[in-house]
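# Observations on the three-dimensional arrangement
If you want the building blocks of each chain, they are given just below.
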Amino acid sequence: MLFSALAEAFKQIEAISSRAQMTARLAEIFRQAPDDAAILPYLLQGQLGPPYAAPDLGLDEQRIAQAIAAAASVSPDEVRRLYDQLGDLGLVAEHLLPSAPRPLPVQDVYTQLRQVATTVGVGAYVEKVSLFQDLLQRTGGQAARYLVRIAQGRLRLGVGDATLLDALSVAVVGSTSLRPRIARAYSLCSDLGLVASRLLTGGPDALDQIHPTPGRPVLPALAERLPSPAEIIRRLGRVIAEPKYDGLRLQAQKDGDRVWLFTRRLENVTHAFPEIVRAVRQQIIADQAILDGEAVGYDTRTGQFLPFQETARRRRKYRVEEMEARFPLRYYVFDLLYLDGQDCTPLPQRQRSERLRQIVREEPNGVISTTLQVETGDARELETFVAEMLRRGLEGAVVKRPDAPYHAGARQFSWVKLKREYREALADTFDLVVVGYFYGRGKRAKLGIGSLLGAVYAPDRDLFRTLSRVGAGLTDEEWLRLREMLDASRVATKPRRVDSEIVPDVWVEPRYVVEVIAGEITRSPQHTCGKVDRQPGYALRFPRVSRFRFDRRPEDATTENEVIEMYRMQSGHGAQANQRRNGDGS
Ligand code: AMP
């Protein structure tokens, strides 16, 4: 496929508002260019690789403007003047640069973009700008517009992973019926380019050849929630209960001497946690392994765990050694996804846990430990376990079905979390994606931010639907910090994947997740979460931000169905809490 044809498709997709039409158009692109399937998913999302290995182009606005000026042989002042007039550097490039007579293939453009991204070191900017300038000259016109947007990280076609999965299915079988198989392959490798190329060149059976492999993250399994230990035992029967650590989800991977660490957002953070890397080499008795677990910081003097926010500070790139000395980590591993050539995800939980214990060399002061486990079919015993975990300062328990496989990338009832809130009758926490903010009044007007517009994720439609406006819970400093971050992803109009009837003062790209505590869920005509036809949606009463959860992807937010389910359980929940208070409940 030629890049100019892809740019034309970008333009068409921008004009499409229905998800079904977008899926159909994307499917057509895949059908037209099966040989480019390995890179098309990245480009459609404005990236240069899968999330765990997508290099940043590394050109700021000024350098991009410089490249445009050089490509068009005009002065930087001329570019600036046009930018003021058109308000978009992409349009400036399109205006100044005629379409090249010999269009470039998508593959060549991708290779050169990666070359720009991977040119680093002293004096790299000159080389980077010149490579990008050359690319602009060799494409020009509409293609230049989209290249500039990719360079700025502003392509924003609104193509989410879920939509791409559907489109791939439609491309191959004409309907979305292949989606579960494609999604399963994707969850094992986190690389849509790999999935697309295998599928389009080898057909559906080629998907079965995709297995977990060290070097590529597996999408983490997520936990559902239920209101009480009794409800858990009723639904799951016999369970394995583990402590719920409140730290940073980390997937550790090992292949011989090589080690990788990935977050829940699939970022490669190997460099940030040297003590875990060393411990994986020393304490994991296997040549190849993929482990799932939670890293928690602790205070060396008191031996107490640190709150999540403190642990999260360890994720940065700089002053790694200093951070290691101040906030050492323990890495609690609770699952085994791959062992010496074998995909363990289909094995039952109990078997995975046993194998995990066989390959972890527990040491008195070792960084890695396996989690404590208690197996029970008794609600009272489970209640006691959770109470003990809370007493120890942990977040609660994660309760697991012993016979369930590892559901990569999915939220299922094989894992159920029980947090402190279940004891506080109605309070519950929600992970909401910020899709906009309001300026606020009075004292807050000075901060330039008064409240947030928070949304849940609706996976079936790949949309973020609003649930609550949240104006409490943060300090002035935190509001300011948040505003700064949000302003960096501010957009002029409602983002394409956001479904909202409320119009905030500022729209932002759905990127940041915050945890919100609320008293109760109510029905509301204002919010779109759960809204069908003329039926009202749902909203939160007395919401306040309890903390930032920037370690989560927007797609990891609380889902629309979870809210509906929680609303349904709310009355039962209250009844049980009352029973407990009256001393007659289990
Ligand atoms: P939540 O973050 O409230 O959705 O709860 C699920 C999260 O709990 C997982 O993503 C893990 O990061 C964390 N977690 C802590 N301890 C465990 C455990 N023993 N098993 C599974 N997840 C755990």
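Model, not experiment: these values are computed from the prediction.

Definitions and limits used
- Along each chain, residues carry numbers from 1 onward, in the same order as the chain's sequence is written.
- For a predicted model such as this one, the threshold for reporting local features is a pLDDT of at least 70, and the threshold for listing and counting side-chain atom pairs is 80 or more; totals across whole chains, interfaces and linings nevertheless cover every residue.
- Side-chain figures throughout are based on the complete set of non-hydrogen atoms in the structure, without hydrogens or water.
- A run of H or I in DSSP counts as a helix once it spans at least four residues, and a run of E counts as a strand once it spans at least two, with each numbered from the N terminus.
- Here the globule rule is a power law, 2.2 Å times the number of residues to the power 0.38, and the radius of gyration is based on C-alpha atoms.
- Residue burial is assigned from relative accessible area. The probe radius is 1.4 Å, only protein chains are included, and a residue is buried under 20% of its type maximum, exposed over 50%, and partly exposed in between.
- We call two residues in contact whenever any of their non-hydrogen atoms come within 4.5 Å of each other.
- Areas reported as accessible are Shrake-Rupley estimates using a 1.4 Å probe. Residue values count occlusion only from the protein chains shown.
- We treat Lys and Arg as the positive residues and Asp and Glu as the negative residues; His and chain ends play no part in the count.
- Note on charges: their place is set at NZ of Lys, CZ of Arg, CG of Asp or CD of Glu.
- Where a domain begins and ends is set by an automatic assignment or by a domain database.
- Note on definitions: buried area is the accessible-area loss of two parts on being combined, 1.4 Å probe, summed for both.
- Nearness is judged by heavy atoms alone; a residue qualifies as near a molecule or strand once a single heavy atom is within 4 Å of it.
- Polar contact criterion, stated in full: a pair of N or O atoms within 3.5 Å, where within protein one must be able to donate a hydrogen and the other to accept it, and residues adjacent in sequence count only if both atoms are side-chain atoms.
- Ten residue types, Ala, Val, Leu, Ile, Met, Phe, Trp, Tyr, Cys and Pro, are classed as nonpolar, four, Asp, Glu, Lys and Arg, as charged, and the remainder, Gly among them, as polar.
- Pairing between two strands requires that DSSP report at least two bridges joining them.
- In this analysis an axis means a line fitted to C-alpha atoms, helices contributing only their contacting stretch, and an angle means the value between N-to-C directions, from 0 to 180 degrees.
- Salt bridges, as used here, are contacts in which a Lys or Arg side-chain nitrogen is within 4 Å of a carboxyl oxygen on Asp or Glu.

## What about the overall build of the protein?
Secondary structure summary: the protein contains 21 helices and 21 strands in total. Relative to the compact-globule value of 25 Å for 586 residues, the protein shows a C-alpha radius of gyration of 25 Å, a close match. Sorting the 586 residues of the protein into buried and exposed places 58% on the buried side. The contacts of the protein with a sequence gap of at least 6 include a subset with a gap of at least 24, amounting to 72%. Looking at the protein as shown, the accessible area adds up to about 24,900 Å², and 47% of this sits on carbon and sulfur atoms. On the protein, the mean spot of the 82 positive side-chain charges and the mean spot of the 75 negative ones are 3 Å from each other.

## Considerations on the domain arrangement of the protein
Under the domain assignment, the protein is made up of domain 1 (3–152), domain 2 (222–424) and domain 3 (428–576). For domain 1 and domain 3, the distance between their C-alpha centroids amounts to 33 Å. The interface of domain 1 with domain 3 comprises five residues on the first partner and four residues on the second. At the boundary of domain 1 with domain 3, total buried surface from both sides reaches about 290 Å², with 27% on carbon and sulfur atoms. When the buried surface of domain 1 facing domain 3 is broken down by residue, Glu 14, Arg 19 and Met 22 rank first, second and third, together holding 88% of it.

## Side note on the site of the ligand
In the vicinity of the ligand lie 14 residues, with Arg 249, Glu 294, Lys 400, Lys 417 and Arg 552 positioned nearest. Between Arg 249 and the ligand, the recorded distance is 2.8 Å, taken from a side-chain N or O atom to an oxygen atom. In this structure, Arg 264 approaches the ligand through a side-chain N or O atom, which is 3.1 Å from an oxygen atom. For the ligand, whose accessible area on its own is 490 Å², the fraction buried by protein is 97%. Those elements that provide at least two residues to the shell around the ligand are strand S2 (239–244), strand S10 (396–400) and strand S11 (411–419). A per-class count over the shell around the ligand returns five nonpolar, no polar and nine charged.

## Remarks on the sheet that holds strand S1 (residues 222–225)
The five strands lie next to each other as S1-S11-S10-S2-S9, forming an open sheet whose pairing is mixed. Each edge of the open sheet is held by one strand with a lone partner, namely S1 and strand S9 (374–376). Taken pair by pair, the neighbouring strands of this sheet meet at an average axis angle of 40°, ignoring direction. Pairing geometry for S10 and S11, over five bridges, is antiparallel. Along S11, the bridge assignment pairs Ala 397 with Leu 418. Relative to the sheet, helix H13 (residues 229–236) contacts S2, S9, S10 and S11, its axis offset from that of S11 by approximately 160°.

## Digging into the pattern of salt bridges
This model, assessed by the stated rule, comprises 44 salt bridges. Ionic pairing is found between Glu 231 and Arg 234, a salt bridge with its closest N-O pair at 2.9 Å. Here Glu 231 and its partner Arg 234 are both found in helix H13, three residues apart, which amounts to about one turn of the helix. What makes Glu 231 buried here is its relative accessible area of 14%. What makes Arg 234 exposed here is its relative accessible area of 62%.

## Description of the side chain of Thr 23
The topology assignment puts Thr 23 in helix H2 (residues 19–32). Other than its neighbours up to four places away in sequence, Thr 23 contacts Thr 163, Asp 166, Ala 167 and Val 170.

## A word on the pairing of S10
In terms of burial, S10 is largely enclosed, as five of its five residues are buried. In this structure, S2 lies alongside S10, joined through five bridges in antiparallel fashion. Counterpart to Pro 243 in the pairing with S10 is Ala 397.

## Some thoughts on unusual backbone geometry
If you check the backbone angles, Arg 156 has positive phi at about 45° while not being a glycine. Checked against the element boundaries, Arg 156 lands in the loop between helix H9 (141–152) and helix H10 (161–173). At Asp 533, a residue that is not glycine, the phi angle is positive and equals roughly 45°. Within the fold, Asp 533 resides in the loop between strand S19 (520–524) and strand S20 (537–541). We classify Asp 533 as exposed; its relative accessible area is 77%.

## Observations regarding the environment of Met 389
Here Met 389 shows up in helix H18 (residues 379–391). Assessed through its relative accessible area of 1%, Met 389 is described here as buried. Met 389 sits 30 residues away from Lys 419 along the chain, and the two C-alpha atoms are 9.9 Å apart. Excluding its chain neighbours within four sequence positions, the residues that come into contact with Met 389 are Pro 243, Leu 372, Leu 394 and Gly 396.

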